[in-house]
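Read off the chains here:
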Amino acid sequence: MTPTSDPTALRGPAAPAVMGRVIAVLGIGMLLSACQPDVSADAAAPAAPASAALPAASAVDHMPACPAGASVMDGWNDRAPPRRIFGNTWYVGTCGLSAVLVTSDQGHVLIDGGTVAAGPLIEANIRALGFDPHAVKYLLNSHEHSDHAAGLAHLQAATGAPLLARAPAVATLHNGRGDRSDPQHLEPGGTFPPVANVVVVADGEVVRVGPLALTAHATPGHTPGGTSWTWRSCEGARCLDIAYTDSVSAISDAQYRYGDHPPVVAAFRRGLDTLAALPCDIHVTPHPLGSNLFARLAGDGTPPLVDAGACQRYAQNGRAQLDARLKEEAAGRKP
């Protein structure tokens with residue numbers, strides 16, 4: 001066990017049958033005082049986090065909106081106006097790459113870091129909303145590709161927070177470079193700044209900061225370490241489940257064949273089953289256009305922000321893409 005600088009950040013398993021670690025710290029620099037099993041969210045749901053006030057309009061009104069009609073490959077390094085998604089959950093990413101800040105009066109959690117150029121833009125968006133980057137207690141990641149992980153080194157320096165990732169992603173995040181287990185390993189531009197402080201988080205583990213509780217879900221396939229995250233956010237008495245789901249596209253470099261790796265395909269399918277079953281009132285993806293997020297945040301209800309069937313459809317689309325990819329490989333057309 002090691003001391004932590006955060007007196008409120010606790011981590012433990014989501015299932016009550018699994019023994020987890022609960023870190024209780026009396027103050028900055030003091031050693032751990034206890035380890036005990038976590039409890040399920042159903043048995044003891046955390047208190048609803050306090051919603052932060054909206055920033056002054058002048059703080060973000062000068063930022064141009066992301067252009068309409070862009071593709072999922074556009075706007076990766078273009079700053080998007082930060083905005084509230086729901087309750088204490090905020091969009092702080094770019095026009096093409098998501099980053100999500102979940103806040104409380106006892107500290108915050110930040111998911112994904114974008115590209116090298118996006119890292120400082122994410123930091124600026126956190127500040128524009130009136131939050132202190134040093135109050136971020138944990139960094140989380142969807143998957144270990146440069147478009148979602150290259151900004152994490154900058155954000156770790158800006159926040160001082162450890163990065164939590166599942167074991168298959170840790171070496172890549174440490175080294176800034178993947179290996180042949182990644183279907184896109186040979187794609188150009190795959191390297192990124194290494195992240196110094198990476199801590200392993202398990203499938204089903206709950207990451208806690210004060211009243212915040214975010215659960216890790218193993219959803220590999222796009223990469224070995226692919227991870228989706230779920231939590232609840234509240235506005236007054238209304239609380240909704242938010243799901244930040246990893247990419248499900250079965251794409252690769254010019255050498256990798258999914259059909260040559262049956263265990264990878266089996267894990268991919270299990271991850272898609274996991275995605276379909278997630279609590280998912282509000283769906284967010286690492287590329288905002290992958291879940292049509294900006295249109296859903298427009299406020300006119302078309303398309304709706306809240307859609308409990310969104311994760312199921314997302315998983316179905318992933319299955320269809322994987323099946324099509326395997327069919328093309330069997331026919332000799334891929335990679």
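Below or above, wherever it landed, is the structure these notes cover. (Residues numbered from 1 in each chain as written. Predicted model: local features only at pLDDT ≥ 70, side-chain atom pairs only at ≥ 80, totals over all residues. Heavy atoms only, no water.)

**A closer look at the packing of aromatic side chains**
Scanning the entire structure with this criterion turns up 4 aromatic pairs. Plain terms: the ring middles of Tyr256 and Tyr258 are 5.2 Å apart, the flat faces sit at 85 degrees to each other, and that makes the pair edge-to-face. Overall, Tyr256 belongs to the buried group, its relative accessible area being 3%. Classification of Tyr258 by relative accessible area gives buried; the value is 0%. For the ring pair Tyr258 and Phe268, a centre distance of 6.0 Å and an interplane angle of 50 degrees mean the geometry is tilted. Note that Tyr258 is positioned in the loop between strand S12 (238–244) and helix H6 (262–276) and Phe268 in helix H6, a separation of 10 residues in sequence. Of the two residues, Tyr258 and Phe268, neither departs from the other in class, the shared state being buried. Through pairs of rings, three or more aromatic residues link up here, namely Tyr256, Tyr258 and Phe268. (Phe/Tyr/Trp six-rings, centres within 6.5 Å; stacked < 30°, edge-to-face > 60°. Buried < 20%, exposed > 50% of the residue type's maximum accessible area, 1.4 Å probe, protein only. Helix = DSSP H or I, 4+ residues; strand = E, 2+ residues; numbered from the N terminus.)

**A short note on the state of the cysteines**
According to the stated counting rule, one finds 3 disulfides in the structure shown. Between Cys66 and Cys95 runs a disulfide, and the two sulfur atoms are separated by 2.1 Å. For the disulfide bridge between Cys66 and Cys95, the dihedral angle about the S-S bond is near -85 degrees, and by the sign convention the bridge is left-handed. Pair noted here: Cys66 is in the loop between helix H1 (57–60) and strand S2 (83–86) and Cys95 is in the loop between strand S3 (89–91) and strand S4 (100–102), with a separation of 29 residues, a long-range link. There is no split in this pair, since Cys66 and Cys95 are both buried. Taken in N- to C-terminal order, the disulfide-linked cysteines of the protein are connected 1-2, 3-4, 5-6. (Disulfide = S-S within 2.5 Å.)

**Concerning the side chain of Arg296**
Tracing the backbone shows Arg296 in helix H7 (residues 293–296). Asp307 provides the closest opposite charge to the buried, unpaired Arg296, separated from it by 6.5 Å. Other than its neighbours up to four places away in sequence, Arg296 contacts Ile282, His283, Ser291, Pro303, Pro304 and Leu305. (Lys, Arg positive; Asp, Glu negative; His and termini not counted. Salt bridge = Lys/Arg side-chain N within 4 Å of Asp/Glu carboxyl O. Contact = heavy atoms within 4.5 Å.)

**A look at the pattern of salt bridges**
Enumeration according to the criterion identifies 8 salt bridges in this entry. Close ionic contact of Arg127 with Glu123 constitutes a salt bridge, the shortest N to O distance being 3.1 Å. Of the two residues, Arg127 and Glu123 are both situated in helix H2 (residues 118–128); the distance of 4 residues between them amounts to about one turn of the helix. By relative accessible area, Arg127 is classed as partly exposed at 43%. Close ionic contact of Arg325 with Glu329 constitutes a salt bridge, the shortest N to O distance being 2.8 Å. Residue Arg325 and its partner Glu329 are both found in helix H8 (residues 310–330); the two are separated by 4 residues, about one turn of the helix.

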